[in-house]
Amino acid sequence: MHVADSWIQQGSFVMGSDQEYEFMGPILGPIGIMVALPLVCYGLVYACNAQGCLEIRNMSIPGFPAQSPLISREAFFAIFGWMAFQTILHLALPGQLVKGVTLPNKEKLTYKLNAQTNLGVTLLAATTFSFYTKQLPLSWIYDQFLPLLTAACVLTVLLTVYLYLSSFAQSKVLSSGGNTESNIYNFFIGRELNPRIGTFDVKHFCELYPGLIGWLIIDLGMLQKQYEQLHYVSMSMLLVCVFQFIYVLDALWFEKAILSTMDIVHDGFGFMLAFGDLVWVPFTYSLQARYLVDHPQAISNVGLLCILGLKAVGYCAFRGANSQKDTFRNDTNHPSVKHLQTLNTERGTQLITSGWWGIARHINYTGDWLMAWSWCLPCGFGSIVPYFYVIYFAVLLVHRQQRDEHACKRKYGADWDKYQAIVKYRLIPFVY
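Remember, predicted model here, so these are calculated numbers, not experimental data.

> Mind showing me how you'd approach the overall build of the protein here?
When you go through the protein residue by residue, the secondary structure sums to 16 helices and 12 strands. Scaling as 2.2 N^0.38, a compact globule of 432 residues should have a C-alpha radius of gyration of about 22 Å, and the protein matches this with 22 Å. By principal-axis analysis of the C-alpha atoms, the protein measures approximately 65 × 50 × 45 Å. Relative to its 432 residues, the protein shows a buried fraction of 52%. In the protein, of all internal contacts separated by at least 6 residues, the share reaching a separation of at least 24 is 72%. Accessible surface for the protein amounts to roughly 20,100 Å². Of this, 65% is attributable to carbon and sulfur atoms. Across the protein, the 29 positively charged side chains and the 28 negatively charged ones have centroids separated by 5 Å.

Written out as structure tokens, the structure reads:
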């Protein structure tokens, strides 16, 4: 189904183009996803906790942890307090002011980048009060995981309602994808492109700060809980926590790169991104650490080397490809990229056809997926639940690859066909 909204001005500026409904829209798909995503988060706790973990052989499911409520006042204070804490840090700490890309209304927004400083202050506070003074033990997160999940879901819904209602104010830049005839679809996908409160960019903040840093705090809580129970931290837990710390640190270190991603440039900020940022990332990406609290795994020296090698290969592909693209975008004559072969397009731009991007059209996604395996393998093979992430991530990356290529086909036309003839593989060389 298509929506024709070609540069319509109705008190707000709208990104122009005929847009297809995504995610099986405009009604049943978004409703189904908004219901299913929280259920999956709860289902992962229902299927795997201290009482057991789903096994395919006998299909035993432990149910929710005993003595764990779904809602608690303390959890709501923690989640809303966490959001306020991260917001205050972002606003108060010094940061670099950077211009984003040109928006459809020909303006460039200014972003404050201080994610690394924010992370440093947060980790200093967390380690001091949890591991040193022990006044605020992070192991409490494990005990309150279900009510924390509930509170995060409520926060996301409240934020999405605010974002949707505020998007009807005058002089808002709306995304074409979220400015359709379906209010349900608009609520789900997001009407406003870059919602702001003054100079505070809500989408940029949520994409990087509370969710990603919160993910690491949950990991630390699981690590501390395992130490309390076993009186040591297993190698498998250390691998998962260190690998995921590197992943988050990389995202925050290259914070500026997010300003040119599809999430920031193209997508509105609605339930889909808000839930992903504030609930899905911290509460499902920490699954391996939570699993290892109750199901510690021994790793042989050979297994350790293989997992380390997989992480290294994945990270090299992921970071190498992304850095190569960002460097080329900023300076085609930079010594590290000026040797790259390219395809000139009718738009006056160039598509890289060699280097990392000559291996596959989305080789960065491939590296990302390999790193996902390095987080899951330390959990052993006693249950499929810790491998939820790598399975889900494969589906997500294939969907994103198809979404990206659909957008590129519309953008570059016949030039995209030429590009595909040169770079034949989408994700995995010689396979796909």
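So that's the structure; there's more coming.
> What should I look at first to understand the nonpolar core in this one?
For soluble globular proteins, the rule of thumb is that nonpolar side chains tend to be buried together. Ranked by internal contacts, the top residues of the largest apolar core, which has 102 residues, are Met222 and Phe283. For this core, the element with the highest residue contribution is helix H7 (residues 202–230), accounting for 14 residues. When sequence neighbours within four positions are dropped, the list of residues in contact with Met222 reads Ile141, Tyr142, Phe145, Met237, Ala289, Arg290 and Val293. Membership of the second largest hydrophobic core comes to eight residues, among which are Phe328, Val337, Ile352 and Ile363.

> Quick question: what am I supposed to make of the packing of helix H1 (residues 28–47) against helix H10 (residues 271–284) here?
Helix-helix packing is characterised by the crossing angle of the two axes and by the distance between the axes. Direction vectors running N to C along H1 and H10 enclose 5 degrees, while the axes themselves pass 11 Å from each other. Here H10 runs roughly parallel to H1, going by the angle between their axes. Between H1, through Met34, Leu37, Pro38, Val40, Cys41 and Leu44, and H10, the contact on the second element is made entirely by Phe271, Phe275, Val279, Trp280 and Thr284. Residue classes in the contact of H1 with H10 are distributed as 10 nonpolar, one polar and no charged.

> Could you clarify how one ought to interpret the pairing of strand S6 (residues 96–102) in this entry?
On a regular strand, each side chain points to the face opposite its neighbour's, so the side chains alternate between the two faces of the sheet. Two elements, S6 and strand S7 (residues 108–113), share five bridges in a ladder whose sense is antiparallel. From the neighbouring strand, Val98 faces S7, where its bridge partner is Tyr111. Taken together, S6 and the strand that follows it, S7, pair antiparallel across an intervening segment of five residues, in which Lys106 is found at a positive phi of about 75 degrees.

> How should I be thinking about the side chain of Thr122 in this particular structure?
By the element assignment, Thr122 lies in helix H3 (residues 115–132). At 3.2 Å, the side chain of Thr122 and the side chain of Gln86 are in polar contact. A distance of 2.8 Å separates a polar side-chain atom of Thr122 from the backbone oxygen of Asn118. When near neighbours in sequence (up to four residues on either side) are disregarded, Thr122 contacts Trp82, Phe85, Gln86, Leu89, Ile213 and Ile217.

> Help me understand the pattern of salt bridges, please; the structure alone is not making it clear to me.
Where charged atoms from two side chains of opposite charge come close, those side chains can pair. Evaluated as defined, the whole model comprises 10 salt bridges. Linking Asp143 and Lys225 is a salt bridge whose minimum nitrogen-to-oxygen distance equals 3.1 Å. Residue Asp143 is found in helix H4 (residues 140–143), and its partner Lys225 is found in helix H7; the two are separated by 82 residues along the sequence. With a closest N to O distance of 2.8 Å, Asp267 and Arg403 form a salt bridge. Of this pair, Asp267 sits in the loop between helix H9 (262–265) and H10 while Arg403 sits in helix H15 (residues 388–412), placing them 136 residues apart in sequence. Judged on exposure class, the residue Asp267 and its partner Arg403 are both buried.

> Even after reading the chapter, I still don't get a nonpolar patch on the surface, so can you show me in this structure?
Taken together, the side chains of Ile27, Leu28, Ile31, Val35, Leu39 and Ile184 define a hydrophobic patch exposed on the protein surface, amounting to about 550 Å² of accessible area. Of all the elements, H1 adds the most residues to the nonpolar patch, at four residues. Tracing the backbone through its elements, the reader meets Leu28 in helix H1. The exposure class of Leu28 is exposed, given its relative accessible area of 74%.

> What is the right way to look at the state of the cysteines in this model?
Under the defined criterion, the tally for this structure stands at one disulfide. Here Cys41 is not disulfide-linked; the sulfur of Cys153 is the nearest cysteine sulfur, at 6.0 Å. Free cysteine: Cys379, not disulfide-bonded; nearest cysteine sulfur from Cys376 at 6.5 Å. Its relative accessible area of 0% is what places Cys379 among the buried residues.

> Please clarify how unusual backbone geometry should be interpreted in this entry.
Most of the time, phi is negative for any residue but glycine, and the peptide bond is trans. For Gln67, which is not glycine, the phi torsion reads 65 degrees and is therefore positive. Turning to its location among the elements, Gln67 is positioned in the loop between strand S5 (52–53) and helix H2 (73–92). In this structure Gln67 comes out as exposed when scored by relative accessible area, which is 81%. One non-glycine residue, Ser171, lies in the positive phi region at around 60 degrees. Among the secondary structure elements, Ser171 is positioned in the loop between helix H5 (145–166) and strand S8 (173–174). Overall, Ser171 belongs to the exposed group, its relative accessible area being 68%.

Analysis parameters
- Residues numbered from 1 in each chain as written.
- Predicted model: local features only at pLDDT ≥ 70, side-chain atom pairs only at ≥ 80, totals over all residues.
- Heavy atoms only, no water.
- Helix = DSSP H or I, 4+ residues; strand = E, 2+ residues; numbered from the N terminus.
- Rg over C-alpha atoms; globule rule 2.2 N^0.38 Å.
- Buried < 20%, exposed > 50% of the residue type's maximum accessible area, 1.4 Å probe, protein only.
- Contact = heavy atoms within 4.5 Å.
- Areas by Shrake-Rupley, 256 points an atom, 1.4 Å probe, with all protein chains shown as cover.
- Lys, Arg positive; Asp, Glu negative; His and termini not counted.
- Charge placed at Lys NZ, Arg CZ, Asp CG, Glu CD.
- Core = buried A, V, L, I, M, F, W, Y, C linked by side-chain atoms within 4.5 Å.
- Axes fitted to C-alpha atoms, helices over the stretch in contact; angles between N-to-C directions.
- Parallel < 35°, antiparallel > 145°, perpendicular 65-115°, else oblique.
- Nonpolar A, V, L, I, M, F, W, Y, C, P; charged D, E, K, R; others polar.
- Pairing = 2+ DSSP bridges.
- Polar contact = N/O pair within 3.5 Å; in protein donor to acceptor, adjacent residues only side chain to side chain.
- Salt bridge = Lys/Arg side-chain N within 4 Å of Asp/Glu carboxyl O.
- Patch = residues over 30% accessible without salt bridge, like charges linked within 9 Å, V, L, I, M, F, W, Y side chains within 5 Å.
- Disulfide = S-S within 2.5 Å.

Scope: geometric values only; no functional claims are made or implied.
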